[in-house]
Amino acid sequence: MSEEEAPEPDAPAGTDDEETAVAQLFGQWDVTNIEFADPSTERYITVTPIAHTMGRHSEKQFKKSEISIVERLINRLMQTDENTGKKQLATTIVKDAFEIVNERADENPVQVLVEAVENSAPREETVRLKYGGISVPKAVDVAPQRRVDQALKFIADGVYGDSFKTTTDAEDALAQQLIGAASNDVQTHSVNQKEEKERVAAAAR
């Protein structure tokens, strides 16, 4: 029997011969080249292609910062009487809003969301201290994680106010909030609330 060279086996799928597939948010938005302008909140704004972690962050108090900022926005939109527990509805609203943002701003909507959160995050707020029965406001710095929490709250409140009992769709209201906050427009609810908090805190220094 003559010795013949055996044919080389086909390379298995997933080797270096094939291009590595990069997971995308909602199957269309890249999350690998997101830029952060605020170093204080960068650690607490996580960007991943996963928009539904099935509540895996709920076991620890501050583990929420490890899940995607997109999912945190989705969860915030559910915190109303009408949308409580409607995760699929909130996810669809965010997905449709991202497409509107991309059409109007011609930018990656994930980048727009990150910029909107950074511009809506208050740096100062007030607490009330009691001196001999008298309540006195005192300005304090805001922790970076709370800054992100407050920014998401302001954005969600703005969406609710613009879309509840109006002709504006929720996804359109969300797109307007994100684009306005990303451009630091004071007319946007989230930026306006941030400026108001900082103005009150400056008066209480």
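Residues numbered from 1 in each chain as written. Predicted model: local features only at pLDDT ≥ 70, side-chain atom pairs only at ≥ 80, totals over all residues. Heavy atoms only, no water.

## Re the pairing of strand E2 (residues 134–141)
- Relative to E2, strand E1 (residues 124–131) runs antiparallel, the two sharing eight bridges. By the bridge assignment for E2, Glu 125 is matched with Val 140. (Pairing = 2+ DSSP bridges. Helix = DSSP H or I, 4+ residues; strand = E, 2+ residues; numbered from the N terminus.)

## So, the nonpolar core
- In this structure, Ile 69, Phe 98, Val 117, Leu 174 and Leu 178 are the most contacted members of the largest nonpolar core, which totals 41 residues.
- Those elements giving two or more residues to this core turn out to be helix H2 (69–77), helix H3 (87–105), helix H4 (109–120), helix H5 (144–163) and helix H6 (170–182).
- It is H3 that provides the largest number of residues to this core, a total of seven residues.
- Apart from residues no more than four positions distant in its own chain, Leu 174 is found in contact with Leu 73, Leu 77, Ile 93, Val 94, Ala 97, Ile 155 and Val 159. (Core = buried A, V, L, I, M, F, W, Y, C linked by side-chain atoms within 4.5 Å. Buried < 20%, exposed > 50% of the residue type's maximum accessible area, 1.4 Å probe, protein only. Contact = heavy atoms within 4.5 Å.)

## Describing the pattern of salt bridges
- Considering all chains together, one arrives at eleven salt bridges under this definition.
- Salt-bridge contacts for Arg 147 lead to Asp 38; the nearest nitrogen and oxygen are separated by 3.1 Å. Placement of Arg 147 in helix H5 and of Asp 38 in the segment before helix H1 (39–42) is noted, with a sequence separation of 109 residues between them.
- Judged by relative accessible area, which is 5%, Arg 147 ranks as buried.
- Residue class for Asp 38 comes out buried when judged on its relative accessible area of 12%.
- Across the salt bridge formed by Glu 125 and Arg 146, the nearest N and O atoms sit 2.7 Å from each other. In this pair, Glu 125 sits in strand E1 while Arg 146 sits in helix H5, placing the two residues 21 residues apart along the sequence.
- The class of Glu 125 is buried, set by a relative accessible area of 10%. (Salt bridge = Lys/Arg side-chain N within 4 Å of Asp/Glu carboxyl O.)

## Here we look at the packing of aromatic side chains
- One pass over the structure, following the stated rule, counts two aromatic pairs.
- Ring geometry for Phe 26 against Phe 98: centres 6.1 Å apart, planes inclined by 65°, an arrangement best described as edge-to-face. Of the two residues, Phe 26 is situated in the segment before H1 and Phe 98 in helix H3; the sequence distance between them amounts to 72 residues.
- Look at Phe 98 and you get buried, because its relative accessible area is 0%.
- Measuring from ring centre to ring centre gives 5.0 Å for Tyr 160 and Phe 164, while their planes differ by 15°; the resulting arrangement is stacked.
- Judged by relative accessible area, which is 32%, Tyr 160 ranks as partly exposed.
- On the accessibility criterion, Phe 164 (33% relative accessible area) is partly exposed. (Phe/Tyr/Trp six-rings, centres within 6.5 Å; stacked < 30°, edge-to-face > 60°.)

## What to know about the side chain of Glu 71
- Note that Glu 71 resides in helix H2.
- Of the residues examined, Glu 71 reaches a relative accessible area of 0% and is grouped as buried.
- A distance of 3.1 Å separates the side chain of Glu 71 from the side chain of Lys 87, its partner in a polar contact. (Polar contact = N/O pair within 3.5 Å; in protein donor to acceptor, adjacent residues only side chain to side chain.)

## What to know about H2
- With respect to burial, H2 is a largely interior element, eight of its nine residues being buried.
- Among the residues making up H2, those that are buried are Ile 69, Val 70, Glu 71, Arg 72, Leu 73, Ile 74, Asn 75 and Leu 77.
- Buried-residue contacts for H2 involve H3, H4, H5 and H6.
- Its side-chain oxygen placed 3.1 Å from the backbone nitrogen of Val 70, Ser 68 serves as the N-cap of H2.

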